[in-house]
Amino acid sequence: MASTKYVIGADLGGTTCKLGVFTEEGKLLEKWEIPTDRKENGAHILPNIAKGIEEKLSEMKIEKDDCLGVGIGVPGAVLPDGRVNRCVNLGWDVVPIESELSKLCNMKVKAANDANIAALGEYWKGGGEGFASIVMVTLGTGIGGGIVLGGKLLVGENGAAGEIGHIVVNPEEKVACGCGNHGCIEQYASATGIARAAREELEASDEDSVLRSDKGSLTAKDVIDAAKAGDALALRVSNRVLSMLGHTLAVVANTVNPEALLLGGGVSKAGSFIIDGVRETFERDAFHAVRDTKIVLAKLGNDAGIYGAAYLVIEN
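Below or above, wherever it landed, is the structure these notes cover. Bear in mind the structure is a predicted one, so any value in this text is a computation, not a measurement.

Description of the overall build of the chain
Inference 1: The secondary structure content of the chain amounts to ten helices and 13 strands.
Inference 2: Compactness check: the chain gives a C-alpha radius of gyration of 20 Å against a globular reference of 20 Å for 316 residues, within 12% of the reference.
Inference 3: Oriented by its inertia axes, the alpha-carbon framework of the chain measures out at about 70 × 45 × 35 Å.
Inference 4: Out of the 316 residues belonging to the chain, those deemed buried represent 52%.
Inference 5: If you take every contact in the chain between residues at least 6 apart in sequence, the share linking residues at least 24 apart comes to 60%.
Inference 6: Taken as a whole, the chain presents about 14200 Å² of accessible surface, with 49% of it coming from carbon and sulfur.
Inference 7: Here the chain contributes 32 positive and 43 negative side-chain charges, whose respective centroids are spaced 1 Å apart.

Spelled out as structure tokens, the structure:
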């Protein structure tokens, strides 16, 4: 038996499943993707993942006995007993993912929510490396989150800890969030929310703005780029949504008191513009003892999930 131990990380999304083979020290040896087959209520997803892992280990001449197991992140809540409690975009209802994939792979399997494992990956080998505790906020199409305290993922009683995107910041909001509630931070500071806020601002006035030419296909990047260039309307929109995000981060820091807050996802590519934009409101609304919490950028990008899934096995 080889002295080197390996671990497999899987990050399951609605279109593809990203996979990686790591050493237990965290060196990524190989990564690849397979399509997510959602036919027949996702019945083929786990067998396809198991087959993909089997083929890759065979190709790399790695024995299963030398593997610590498989970690997997899924787009839904994972209950403490290893069952997924509905993944609508995969066609799953309640699926005992850990036991099913374990049987298919003949290896130990640990599962968690995809945003949670992204936080775990960043904690292990990304922007959170070296911090004892972090909260990660992923600013993408929606807003996800994950909390890591003392190296352990906080999953909560129903696997729903870290749902930072659904903190309500505007109870007067008339439009419903995707979750069914009204006024969640996801409705404002996600990529979708920033673009929506800019479109509403454009429709409400005749003010000159470089964004008018892009109105039909407006993206959050367009808004942030225009704000960086000094466009008054874009600046107003970005200042408002980043202020709301800063308030949300203060609520989270007041509750959890992490050593660092990490910002990831596509919107975070704006870098210091985002950090500076949230800091003023964060410092205004944070309890005095948590005001100096570090706010930093995530580093692993789309690989955060596979790193976190691998670490999920190691930390368990």
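As for the pattern of salt bridges
Inference 1: Counted under the stated rule, the structure contains 16 salt bridges.
Inference 2: Notably, a salt bridge pairs K56 with E59, separated by 3.4 Å at the nearest N-O pair. Linking K56 with E59, this pair stays in helix α2 (residues 45-59), spanning three residues, or about one helical turn.
Inference 3: For K56, a relative accessible area of 10% puts it in the buried group.

Some points on the environment of K103
Inference 1: Take K103: it is sitting in helix α3 (residues 97-105).
Inference 2: Taking the relative accessible area as the measure of exposure, K103 reaches 69% and is therefore exposed.

Considering the nonpolar core
Inference 1: Within the largest apolar cluster, 43 residues are counted, with the highest numbers of intra-cluster contacts made by L211, V223, L245, L249, L261 and F282.
Inference 2: Secondary structure elements with two or more residues in this core: β9 (133-139), β10 (143-149), α5 (186-189), α6 (191-204), α7 (220-228), α8 (232-256), β12 (260-264) and α9 (272-285).
Inference 3: Counting residues per element, this core draws most heavily on α8, which supplies eleven residues.
Inference 4: Sequence-distant contacts of L261, that is, excluding residues within four places in its chain, are made with V135, L249, V252, A253, F282, T293, K294, I295 and V296.
Inference 5: Y6, A10, V78 and C105 belong to the second-largest nonpolar core, a separate cluster that totals 32 residues.

What about the sheet that holds β10?
Inference 1: Pairing within the open sheet is mixed, and its five strands lie in the order β11-β10-β9-β12-β13. Either end of the sheet is taken by a strand with one partner, and the two such strands are β11 (152-153) and β13 (294-297).
Inference 2: Note that β12 and β13 share four bridges and pair parallel. From the neighbouring strand, L261 faces β13, where its bridge partner is I295.
Inference 3: Together, β12 and β13 form the strand contacts of α9, whose direction differs from that of β13 by roughly 160°.

Digging into the side chain of E201
Inference 1: Relative to the elements of secondary structure, E201 occurs in helix α6.
Inference 2: With relative accessibility at 17%, the residue E201 sits in the buried group.
Inference 3: Separated by 3.3 Å, the side chains of E201 and R240 make a polar contact.
Inference 4: Contact partners of E201, with chain neighbours within four places excluded, come to L233, R236, V237 and R240.

Observations concerning the pairing of strand β7 (residues 92-95)
Inference 1: Of the pairings in the sheet, the one linking strand β6 (residues 84-87) to β7 comprises three bridges and is antiparallel in character. The residue of β7 that forms the bridge with N85 is V94.
Inference 2: Between the antiparallel neighbours β6 and β7 lie four residues, among them G91 with a positive phi of about 85°.

Quick word on the packing of α6 against α7
Inference 1: In contact at an axis separation of 8 Å, α6 and α7 are set at 65° when each is read in the N-to-C sense. Relative to α7, α6 is oriented so that their crossing is left-handed. Mapping the contact onto sequence places A191, I194, A195 and A198 in α6 and A220, V223 and I224 in α7.
Inference 2: Classifying every residue of the contact of α6 with α7 gives seven nonpolar, no polar and no charged.

Details of the sheet that holds strand β5 (residues 77-78)
Each strand in a sheet pairs with its neighbour through backbone hydrogen bonds, running either in the same direction (parallel) or in the opposite one (antiparallel).
Inference 1: Reading across from one edge, β5-β6-β7 is the order of the three strands in this open sheet, with antiparallel pairing throughout. The open sheet is flanked by β5 and β7, the only strands paired with a single partner.

So, the packing of α2 against α3
Inference 1: Packing of α2 against α3 brings their axes to within 9 Å, and their N-to-C directions diverge by 40°. If you check the angle between α2 and α3, you find them oblique. Between α2 and α3 the crossing geometry is right-handed. For the pair α2 and α3, the contacting residues are L46, P47, I49, A50 and I53 in the first and I97, E100, L101, L104 and C105 in the second.
Inference 2: In terms of residue class, the contact of α2 with α3 is made up of nine nonpolar, no polar and one charged.

Rules used in this analysis
- Residues numbered from 1 in each chain as written.
- Predicted model: local features only at pLDDT ≥ 70, side-chain atom pairs only at ≥ 80, totals over all residues.
- Heavy atoms only, no water.
- Helix = DSSP H or I, 4+ residues; strand = E, 2+ residues; numbered from the N terminus.
- Rg over C-alpha atoms; globule rule 2.2 N^0.38 Å.
- Buried < 20%, exposed > 50% of the residue type's maximum accessible area, 1.4 Å probe, protein only.
- Contact = heavy atoms within 4.5 Å.
- Areas by Shrake-Rupley, 256 points an atom, 1.4 Å probe, with all protein chains shown as cover.
- Lys, Arg positive; Asp, Glu negative; His and termini not counted.
- Charge placed at Lys NZ, Arg CZ, Asp CG, Glu CD.
- Salt bridge = Lys/Arg side-chain N within 4 Å of Asp/Glu carboxyl O.
- Core = buried A, V, L, I, M, F, W, Y, C linked by side-chain atoms within 4.5 Å.
- Pairing = 2+ DSSP bridges.
- Axes fitted to C-alpha atoms, helices over the stretch in contact; angles between N-to-C directions.
- Polar contact = N/O pair within 3.5 Å; in protein donor to acceptor, adjacent residues only side chain to side chain.
- Left-handed = near helix turned anticlockwise from the far one by under 90°.
- Nonpolar A, V, L, I, M, F, W, Y, C, P; charged D, E, K, R; others polar.
- Parallel < 35°, antiparallel > 145°, perpendicular 65-115°, else oblique.

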